[in-house]
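Structural characterization, general
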Amino acid sequence: MKYLVPLLCSVVVSANAQERWSLEKCVNHAIENNISIKQQQNTIEQSSIELNTAKMNLLPSVNASANQSWSFGRGLTMDNTYVNRNTVSTSFDLSANMTLFAGMQKINTIKARELNLQAATADLQRAKEDMGINVSQAYLQTLYAAEMLQVAKRQVELSKNVLEQKQKMVQNGKASESDVAEARAAVSRDELSIVQAENDYRLALLDLSQLLELPSPENFAIEEPDTAAQLMAIASIDEVYADALRNKAVIKGDESRIAAAEKNVSIAKGGHSPSLNLSGGIGTNYYKTSGYPHDSFGDQLDQNLSKYVSLSLNIPIFNRFATRNEVRTARVQVQSLNLQLDADKKALYKEVQQAYYNAIAAESKYGSSLSAEESAQMAFNLVTKKFDNGKATQTEYNQSRNEWLKAVADRIQAKYEYIFRAKILEYYRGA
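What counts and how
- Residues numbered from 1 in each chain as written.
- Predicted model: local features only at pLDDT ≥ 70, side-chain atom pairs only at ≥ 80, totals over all residues.
- Heavy atoms only, no water.
- Helix = DSSP H or I, 4+ residues; strand = E, 2+ residues; numbered from the N terminus.
- Contact = heavy atoms within 4.5 Å.
- Buried < 20%, exposed > 50% of the residue type's maximum accessible area, 1.4 Å probe, protein only.
- Pairing = 2+ DSSP bridges.
- Arc of directions from axis to C-beta.
- Axes fitted to C-alpha atoms, helices over the stretch in contact; angles between N-to-C directions.
- Parallel < 35°, antiparallel > 145°, perpendicular 65-115°, else oblique.
- Left-handed = near helix turned anticlockwise from the far one by under 90°.
- Nonpolar A, V, L, I, M, F, W, Y, C, P; charged D, E, K, R; others polar.
- Core = buried A, V, L, I, M, F, W, Y, C linked by side-chain atoms within 4.5 Å.
- pLDDT = per-residue confidence, 0-100.
- Patch = residues over 30% accessible without salt bridge, like charges linked within 9 Å, V, L, I, M, F, W, Y side chains within 5 Å.
- Areas by Shrake-Rupley, 256 points an atom, 1.4 Å probe, with all protein chains shown as cover.
- Salt bridge = Lys/Arg side-chain N within 4 Å of Asp/Glu carboxyl O.
- Phe/Tyr/Trp six-rings, centres within 6.5 Å; stacked < 30°, edge-to-face > 60°.

**Quick look at the environment of Leu211**
Mapping Leu211 onto the fold places it in helix H4 (residues 177-211). When the C-alpha positions of Leu211 and Glu363 are compared, they lie 28 Å apart, and in sequence the two are 152 residues distant. Dropping the residues within four chain positions of it, Leu211 is found in contact with Ala30, Met131, Asn134, Val135 and Ala138.

**Considering the side chain of Thr142**
By the secondary structure assignment, Thr142 is in helix H3 (residues 105-171). What Thr142 contacts, discounting residues up to four positions off in sequence, is Tyr201, Ala204, Leu205, Leu208 and Ile222.

**A word on unusual backbone geometry**
Positioned with a positive phi, Met104 is a non-glycine residue whose angle comes to about 60°. Mapped onto the elements, Met104 comes out in the loop between strand S5 (87-101) and H3. The phi angle at Asn219 is positive, at roughly 60°, despite the residue not being glycine. Among the secondary structure elements, Asn219 is positioned in the loop between H4 and strand S6 (221-222). The exposure class of Asn219 is exposed, given its relative accessible area of 58%.

**A closer look at the pairing of S5**
By the bridge criterion, 11 bridges tie strand S2 (residues 61-71) to S5 in an arrangement that is antiparallel. Its bridge partner being in S5, Ala66 is matched across the sheet by Phe92. When S5 meets strand S7 (residues 275-289), the two strands line up antiparallel, connected through 14 bridges. Pairing of Thr87 across the sheet is with Thr289, part of S7.

**Regarding the pairing of S7**
Pairing of S7 with strand S8 (residues 306-314) involves 9 bridges; the strand directions are antiparallel. The residue of S8 that forms the bridge with Ser279 is Ser310.

**Comments concerning helix H1 (residues 23-33)**
Every buried residue belonging to H1 is among Leu23, Cys26, Val27, Ala30 and Ile31, and all of these are buried. For H1, the buried positions fall inside an angular range of 125° around the axis, keeping them on one side. Against strand S1 (20-21), helix H2 (35-56), H3 and H4 lie the buried residues of H1.

**Thoughts on the sheet that holds S2**
Strands sit in the order S2-S5-S7-S8 across an open sheet of 4 strands; the sheet is antiparallel. Bordering the open sheet on either side are S2 and S8, each of which pairs with just one other strand. Adjacent strand axes in the sheet meet at a mean angle of 20° when their direction is disregarded.

**Details of the packing of H3 against H4**
Contact geometry for H3 and H4: axes closest at 8 Å, N-to-C directions at 165°. The angle between H3 and H4 places the two elements in the roughly antiparallel class. For H3 against H4, the interelement crossing comes out left-handed. Residue composition of the contact of H3 with H4, by class: 24 nonpolar, 7 polar and 10 charged.

**A word on the nonpolar core**
Counting 84 residues, the largest nonpolar core has Val135, Leu208, Leu212, Phe220 and Tyr428 as the members making the most contacts within it. At the level of secondary structure, the elements contributing two or more residues to this core comprise H1, H2, H3, H4, helix H5 (237-247), helix H6 (249-269), helix H8 (322-388) and helix H9 (394-428). The element that contributes the greatest number of residues to this core is H3, accounting for 18 residues. In this structure, Val135 is in contact with Leu23, Cys26, Val27, Ala30, Leu208, Leu211 and Leu212, ignoring residues within four places of it in sequence. Grouped together as the second largest cluster of nonpolar side chains are 5 residues, Leu149, Ala152, Val156 and Ala197 included.

**Description of the confidence of the model for the chain**
A residue-level look at the chain finds 92% of positions with pLDDT of 70 or above and a mean pLDDT of 88. pLDDT under 50 marks residues 1-17. Its contacts with residues more than four places away, or in other chains, come to 50 contacts.

**Quick look at a nonpolar patch on the surface**
Judged by side-chain polarity, Leu58, Leu100, Phe101, Met104, Ile107, Leu278, Val309 and Leu311 come together as a nonpolar surface patch covering roughly 710 Å² of accessible area. Elements supplying a minimum of two residues to the nonpolar patch: S5 and S8. With respect to the helices and strands, Leu311 occurs in strand S8. By relative accessible area, which is 58% here, Leu311 ends up exposed.

**Brief notes about the packing of aromatic side chains**
Scanning the model with the defined rule gives 10 aromatic pairs in all. Centroid distance Phe380 to Trp404: 5.2 Å. Interplanar angle 5°. Geometry classified as stacked. Of this pair, Phe380 sits in helix H8 while Trp404 sits in helix H9, and the two are 24 residues apart along the sequence. Like Phe380, the residue Trp404 is buried in the burial classification. Summarising the aromatic geometry, the rings of Tyr427 and Tyr428 are spaced 5.0 Å apart at their centres and angled 55° between planes, so their arrangement reads as tilted. Overall, the relative accessible area of 9% leaves Tyr427 in the buried class. One aromatic cluster is present, built from ring pairs that chain together Phe380, Phe387, Tyr397 and Trp404.

**Examining the pattern of salt bridges**
Throughout the structure, instances matching the rule amount to 11 salt bridges. In this structure, the salt-bridge partner of Arg257 is Asp254, at a minimum N-O distance of 3.8 Å. With a gap of 3 residues between them, Arg257 and Asp254 both fall in helix H6, about one helical turn apart. A residue is classified by how much of its surface remains accessible, and Arg257, at 27% relative accessible area, is partly exposed.

Quick look at the structure:
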């Protein structure tokens, strides 16, 4: 996920020295510890085992057996008489069986399992992409909250400067105690804004830490990026959509599942074909009846040794249309998956359209916010000079200051929204 690495050099406010987490570290940690992603990794492991099982089915099966039996009591002899006798028998067998041909079903099963593994891998990549976007959004929200906290602190500094100025003016007889009280009330209001901004920052940090599966946001801090480097040009809808079709995990997963379903059709068709099997084996036995002469155990095993090799051909003639219906079912599955692919492509195009227009709107909003902040700052500078010279009232000063600080806040919000919307487009392009 190259688009996630560059995001995020000044320090987010923290009382203690802490290790700063970059966005890349946050994303990697979230991916490594997220339970849903771990479950998807288990799905890949299961698909890998199924693929290995399909490959091993090409090998012959080999089985060995041994049997030991005892018989007691009366039994019929060759003289047609009954006598009491005890018998002991021992046998050993080793056999092997191998399918030489079965309508290419085993080969097609291997190919289908390989495609299922590709689909599971694409699903894992999709989960990682979604996690990267969620972490990026939470990371940027935390940075936004941190900047707003700095704005609130700047607001308090300005209010305290005004309060100090009013106190000096009272001493010189140029201001009344009511002016001082009004300035002190402004400081109190602004200090309350700091409390709210600090709470917003802590909540944003908490949301991010929970995404990372951290036990607590304590001793957790993040780096701040050079956001100017993140304000990028926006590609056209057609460019983004073309790249998305080539790179998005959801499309790759759908295509792999369709290919696997087509192999399942071939597997079902293989049921119409004859199957040829090769088998062979070797066996021997030992037999002993009480009261009768018998060769030794070793001699009997050698004398009774038998071997066999056989070829068997099975030709399906009629199985109540079971194979035909399996083929039809497999074809319906292919059609369903193709419809799902079409639906996902349309949904992807709508997502790209929405992401594009959101990015264009965010870009325009950011440009306007820069101009608005510049104008508000110029106006505030002029009012500040008038206020310092006693030509502007406290109310005029506060109004101008609040308009400037609001413009700053709007610019900060627009900046991070622009960065996030542009990164969403890069995400669709697979960058």
